[in-house]
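One letter stands for each residue in the lines below.
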Amino acid sequence: MVSSVGIRSTNTPEGLPAADMVLRNGRIYTVDQDQPWAEAVAIKHGRFMAVGSNAEIEPLIADYTHVHDLNGAFAMPGLYDMHTHPDLALGPKYSDYLDVGLETPSPDQVREATLRYATENPDREWIFGKHFVHYAFRKAGLKPGRDWLDSFIPDRPVAIMDRMWGSCMANSKALELAGVSKDTVDPNNGYIVRDPLTGEPDGILVDGAYALIMAAMPPPPMHALTRAYREGARFQSARGVVATKYVHVCERRLDALRAIDLEGELPVRVEAAISWQDDIFPVRRRWELLAGERHYYRSKRLNANAVKFHFDGTAEPRTSYLITPWPNEKTWQGSLNLTPEHIYDMVAEMDRKRIRVIAHCTGDGASDIFLDAVAECRRRNGSGGMRHQCAHSTLLDEGNLARFAELDVIAEFSPVGWFPSEFTIGARSSFGERLQEAYNVRGVLDAGGVTVMGTDWPVSSIDPWFGFETLVTRENPRGEMEGKLGRSITPQEAIRMLTLNGAYAMGCEDVSGSITAGKTADLIVLDRNLLEIDAKGNWHKSQVHLTMVDGEIVHDPKGWMQGTDFESRITSPVPDFTPVDI
């Protein structure tokens, strides 16, 4: 690879603005339908000045232009991860909370890890951390909860999250300190599992109910949140992500993000979504943030103009809210955490404030009500409002697919259940035959809607390339389990979904998301041409050789820009967040 400085075209007329940087001799897939492919780009003041052939770009090279030869490498716009939680994944780790250390631990392994942690941390009042797996308990013939924890650690408060962050297991001491008893009223956005005869909590708190436990605990230290976001963003950038949404934030988390931003160490654009009504943890001063203090955090790389709702639960505890009863149930449709009237009013109110609603909807009944709410919101506020986002979209009703386009609602899909794996089959077995309907990306696209992807870390890997590949294959990328789940989309559709559609979901498609003259210079260079290889088993192994955001080099593992004016300021090692077995 040749890096050349000091090249000046003899064809550059005097006075013609020249580029700051030129990348040439590439196979550049632009995601711009008017010019899908290019050989070279010229960049000036953080934007694409021109996109075209080598010959077309040549006149824009001056003696001060940095020129880099891509030697035929494949380049494309940077990726958009539209739903992830570095704080939830890493905050507990850097707070030195309990980490069982296994993706699918058995109950014995959870017990051993908890006792070991208790011994090694005698000064910590609370034992809190991750994680256990409901179906691992079912396989062992055990019931997770208060009695199980009390059997080996009754005298210190213990609270352990499940792997999907849909519920929390607490012992008697934790329930006592949190004031959770048979007289505690279930919150609107969750419920306390109780003994059917006595009404006493059995130690499983579902969805928003576990905020009752978290409210009794000391908050995570700021240094842990700052490190979590810094390292999460660093990893994302190394994997080609240029923009992301961090969902479920509070003022403390926004302070952590702002600190990183002010230090110039935020290598991705972030839209942060404030939690609604003690969704997962208490959000103090929520109304002040939503009323306008969120703008305090606004910068070129950060905004907090979104709010996260939890409309329903998750598949494993069968709290996803369905239009019809769950398989093998006569009446149980799941749990809707808010009344439809509440949802209608809040969506309309947030829209009026120009705040994007990101609504957790895993059941087709929850997304149905969300779409109804957006329809009502459009009626009240008129067209041209915010593009609201249906998060996860695990099950969608066929009759609603066209409404995503009609109402300009973004359909976001999470990758964890896109392909056959032990976890997918185990955690989502309650869907029964409907598992094949999950994550109907093909259906929304065919109906004209806009789809995006969120990794939803820590529910699944933060590495977007696993989900990216399986959008195209719907097969296990590592070949660990045969078969397919659902219908595939084309490679070109998948690339658009992770680039230009992401920009659309952030309301910035006019200025980013594709390699187009005039747009922000966001680009990645890969070690392989995605459109000339079989996606299966290959895409998830893609290596990112360069990541550029706003014309700034934020990841340069090959040192291509080293010693130039474009040398990356971000040189910290890339954290090893090796993808989990999913």
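Please refer to the structure placed before this passage.
The structure contained in this document is the topic of the report that follows.

Criteria and cut-off values
- Residues numbered from 1 in each chain as written.
- Predicted model: local features only at pLDDT ≥ 70, side-chain atom pairs only at ≥ 80, totals over all residues.
- Heavy atoms only, no water.
- 1 Å grid on protein atoms, 1.4 Å probe; cavity = no way out; pocket = protein on both sides within 12 Å on 5 of 7 lines; lining within 4 Å.
- Points joined across faces, edges and corners; volume = space filled by probe spheres on them.
- Helix = DSSP H or I, 4+ residues; strand = E, 2+ residues; numbered from the N terminus.
- Nonpolar A, V, L, I, M, F, W, Y, C, P; charged D, E, K, R; others polar.
- Buried < 20%, exposed > 50% of the residue type's maximum accessible area, 1.4 Å probe, protein only.
- Axes fitted to C-alpha atoms, helices over the stretch in contact; angles between N-to-C directions.
- Left-handed = near helix turned anticlockwise from the far one by under 90°.
- Contact = heavy atoms within 4.5 Å.
- Patch = residues over 30% accessible without salt bridge, like charges linked within 9 Å, V, L, I, M, F, W, Y side chains within 5 Å.
- Areas by Shrake-Rupley, 256 points an atom, 1.4 Å probe, with all protein chains shown as cover.
- Salt bridge = Lys/Arg side-chain N within 4 Å of Asp/Glu carboxyl O.
- Lys, Arg positive; Asp, Glu negative; His and termini not counted.
- Charge placed at Lys NZ, Arg CZ, Asp CG, Glu CD.
- Pairing = 2+ DSSP bridges.

Here we look at the layout of surface pockets
Okay, step 1: Here the largest pocket defines a volume of roughly 550 Å³.
Okay, step 2: Along its surface, the largest pocket is lined by 27 residues, and R298, N303, M506, G507 and C508 are the ones closest to its centre.
Okay, step 3: Residue assignment for the lining of the largest pocket shows that the elements contributing at least two residues are β17 (269-275) and β18 (302-310).
Okay, step 4: Taken together, the residues that form the lining of the largest pocket break down as 7 nonpolar, 8 polar and 12 charged.

Section: unusual backbone geometry
Okay, step 1: Residue H131 is reached from K130 by a cis peptide bond, and omega for that bond is -25 degrees.
Okay, step 2: Mapped onto the fold, H131 is located in strand β11 (residues 127-132).
Okay, step 3: The amide bond that connects W457 to the next residue, P458, takes the cis arrangement and shows omega of 15 degrees.
Okay, step 4: Position of P458 relative to the elements: it lies in the loop between β22 (451-453) and α16 (464-473).
Okay, step 5: The backbone of N71 sits at a positive phi, close to 50 degrees, despite the residue not being glycine.
Okay, step 6: Its location among the elements puts N71 in the loop between β7 (66-69) and β8 (74-76).
Okay, step 7: Its relative accessible area of 49% is what places N71 among the partly exposed residues.
Okay, step 8: For D456, which is not a glycine, the phi torsion comes out positive at approximately 60 degrees.
Okay, step 9: Following the sequence through the fold, D456 ends up in the loop between β22 and α16.
Okay, step 10: According to the relative accessible area criterion, D456 is buried, its value standing at 9%.

With respect to the packing of α16 against helix α17 (residues 491-498)
Okay, step 1: Between α16 and α17, whose axes approach to 8 Å, the crossing angle comes to 145 degrees. Between α16 and α17 the crossing geometry is right-handed. The segment α16 lies against α17, with P464, F468, L471 and V472 engaging P491, A494, I495, M497 and L498.
Okay, step 2: Looking at the contact of α16 with α17 residue by residue, the classes come out as 9 nonpolar, no polar and no charged.

Regarding a negative patch on the surface
Okay, step 1: On the surface, D147, D183, D195 and E200 cluster together to form a negatively charged patch.
Okay, step 2: The topology assignment puts D195 in the loop between β14 (190-194) and β15 (201-207).
Okay, step 3: Under the relative-accessibility criterion, D195 is labelled partly exposed at 32%.

Structural notes on the side chain of N54
Okay, step 1: Structurally, the position occupied by N54 is in helix α1 (residues 54-57).
Okay, step 2: The class for N54 is buried, based on a relative accessible area of 19%.
Okay, step 3: With residues near it in sequence (within four places) discarded, N54 still touches R24, N25, E39 and A40.

A look at the pairing of strand β2 (residues 21-24)
Okay, step 1: Where burial is concerned, the two faces of β2 agree: the one with M21 and L23 and the one with V22 and R24 are both buried.
Okay, step 2: Judged from the 3 bridges that link them, β2 and strand β5 (residues 40-44) form a sheet pairing that is antiparallel. Paired with L23 across the bridge in β5 is V41.
Okay, step 3: Two elements, β2 and β7, share 4 bridges in a ladder whose sense is parallel. For R24, the partnering residue across the bridge sits in β7 and is D69.

A few points about empty space enclosed by the protein
Okay, step 1: Scanning the model with the defined rule gives 3 cavities of 30 Å³ or more in all.
Okay, step 2: Space inside the largest cavity adds up to approximately 240 Å³.
Okay, step 3: Around the largest cavity, the lining comprises 26 residues; the ones closest to its centre are M164, H360, H392, D456 and V459.
Okay, step 4: In the lining of the largest cavity, the residues fall into 10 nonpolar, 12 polar and 4 charged.

What about the sheet that holds strand β16 (residues 241-249)?
Okay, step 1: Ordered in space as β9-β16-β17-β18-β19-β20-β21-β22, the 8 strands form an open sheet in which the pairing is parallel. Strands at the two margins of the open sheet, each flanked by one partner only, are β9 (79-84) and β22. In this sheet, neighbouring strand axes are inclined to one another by 25 degrees on average, regardless of whether the strands run parallel or antiparallel.
Okay, step 2: In this sheet, β22 lies alongside strand β21 (residues 410-413) in parallel orientation, the contact comprising 3 bridges. Counted as the bridge partner of F413 is M453 from β22.

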